[in-house]
Amino acid sequence: MNNDMLMIDGLQYVNWNRGLFEQAQRSGLHGIHVTIAYWENSRETLENIGHWNRHFLDHGDLIMPVHQAADILEAKRLGKVGIIFGFQNCSPMEDDVKMVQILHQLGVRIMQLSYNNQSLLATGCYEEQDGGITRFGRQVISEMNRVGMIIDMSHSAEKSTLEAIEISQRPIAITHANPTFFHAALRNKSDKVLRAIGESEGMLGFSMYPFHLKNGSDCTLPEFCQMIMQTAEMIGIDRLGIGSDLCENWDYSVLEWMRSGRWTMGIDHGEGTAASPSWPRQPSWFAGSKDMHTVAQGLEDVGFSDTDIGKIMGQNWQSFFDKSFVGVART
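Going by what an unreviewed UniProt entry lists, the protein is known as Dipeptidase and is assigned to SAR92 clade bacterium H455.

See below:
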């Protein structure tokens, strides 16, 4: 296995500090898609971007912003971690399609069209009825295509996801989810969606979040890697990456914000339960970024070649970003 391989994590939500930046840098990660909004409005999102800009000033020896795919390669050359801004919901753009370009100009490169609920653009996976992509959603998809912002359907419902793949003129991503054939969670994706991702040259990032894994926190590394092998046989090795969905250094109040936002006066337990509402325990083989090489070793142990391990651990994301972060002329 090549220990100098390019490594990219397609999704993390971490309460960053210098120690965690140092850990990510030591892990060998060269690029991380970081969540900077769940339910935030535009003003709150600007605050989050400002907070990240301060991180770049204070920890510039460890991290750097990514605006083009080449920035990830530059981060690798410099021994830094490239940071890619992304949203897990469309709330930061509120109800204004012009915000897509503005947010892109501020460095945002990935946006989910919905979180777990119905949004102005698409239906989330927790809704009983899936109306698909809305009229507004079609306009936003077109504008995201134009500026070079990736459409992410990780939390979206099935019909909405399939319609987004069909409507978008550019391949979309599911940055952090697993196949339902592995674990039938609402958040995971059907064979039909996986095949559509493969046929459209999109990307799937495999999640290590316990609620997305067979046997939850007790899922084994061989089971996880066999799932990846089965998916590769279904849709092709070039469509696969890692999107760990690592959540680290947060208290329970943040988990409540993720699940309940402002849409309920009560408490929504999401993928948890009232009896076990808090953060799930990470599987022993992936406690954080430091274990990325453990995952790569697991892929080798189940029979992946060095070339294919390199693709899954980062090269596929890099190739996808190389095509996706570039704007196109309006037709």
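(A) Expanded view of helix 9 (residues 252-260). For helix 9, every residue scored as buried is listed here: Val-254, Leu-255, Met-258, Arg-259 and Ser-260. Looking at the buried side of helix 9, the elements it contacts are strand 1 (8-14). Backbone geometry just downstream of helix 9 places Gly-261 in the positive-phi region, at approximately 45°.

(B) Region of the structure containing the nonpolar core. Judged by nonpolar contacts, the single largest core of 78 residues is most densely connected at Trp-52, Met-111, Leu-113, Phe-224, Ile-228, Phe-304 and Met-313. The leading source of residues in this core is helix 8 (residues 221-235), at 8 residues. If you look at the next biggest cluster of nonpolar residues, it comprises 14 residues, including Ile-110, Trp-317, Phe-320 and Phe-321.

(C) Seen up close, the packing of aromatic side chains. What the rule picks out here adds up to 17 aromatic pairs. Centroid distance Trp-16 to Trp-52: 6.5 Å. Interplanar angle 65°. Geometry classified as edge-to-face. You can see Trp-16 sitting in the loop between strand 1 and helix 1 (18-27) and its partner Trp-52 sitting in helix 2 (residues 42-58), a full 36 residues away along the chain. With respect to burial, Trp-16 and Trp-52 carry one shared label: buried. Summarising the aromatic geometry, the rings of Trp-317 and Phe-321 are spaced 5.4 Å apart at their centres and angled 20° between planes, so their arrangement reads as stacked. Note that Trp-317 and Phe-321 are positioned in helix 11 (residues 306-324) at a spacing of 4 residues, about one turn of the helix. The same class applies to Trp-317 and to Phe-321, which are both buried. Ring pairing ties together the aromatic residues Tyr-13, Tyr-38, Trp-39, Tyr-115 and Trp-250, which thus form one cluster.

(D) Representation of the side chain of Glu-40 within the structure. Among the secondary structure elements, Glu-40 is positioned in the loop between strand 2 (31-37) and helix 2. Buried charged residue Glu-40 carries no salt bridge. Nearest counter-charge: Arg-262, at 6.8 Å. A polar contact is formed between the side chain of Glu-40 and the backbone nitrogen of Tyr-38, at a distance of 2.6 Å. A polar contact is formed between the side chain of Glu-40 and the side chain of Asn-48, at a distance of 3.4 Å.

(E) Just the pattern of salt bridges, in detail. Per the stated rule, a full pass over the model turns up 13 salt bridges. Taking the shortest distance from any N to any O, the salt bridge between Glu-44 and Arg-262 comes out at 2.4 Å. In this pair, Glu-44 is assigned in helix 2 and Arg-262 in the loop between helix 9 and helix 10 (292-301), connecting sequence segments 218 residues apart. Measuring nitrogen to oxygen at the nearest pair gives 2.8 Å for the salt bridge that ties Asp-238 to Lys-311. Of this pair, Asp-238 sits in the loop between helix 8 and strand 9 (240-242) while Lys-311 sits in helix 11, placing them 73 residues apart in sequence. Classification of Lys-311 as partly exposed rests on a relative accessible area of 23%.

What counts as what
- Residues numbered from 1 in each chain as written.
- Predicted model: local features only at pLDDT ≥ 70, side-chain atom pairs only at ≥ 80, totals over all residues.
- Heavy atoms only, no water.
- Buried < 20%, exposed > 50% of the residue type's maximum accessible area, 1.4 Å probe, protein only.
- Helix = DSSP H or I, 4+ residues; strand = E, 2+ residues; numbered from the N terminus.
- Contact = heavy atoms within 4.5 Å.
- Core = buried A, V, L, I, M, F, W, Y, C linked by side-chain atoms within 4.5 Å.
- Phe/Tyr/Trp six-rings, centres within 6.5 Å; stacked < 30°, edge-to-face > 60°.
- Lys, Arg positive; Asp, Glu negative; His and termini not counted.
- Salt bridge = Lys/Arg side-chain N within 4 Å of Asp/Glu carboxyl O.
- Polar contact = N/O pair within 3.5 Å; in protein donor to acceptor, adjacent residues only side chain to side chain.

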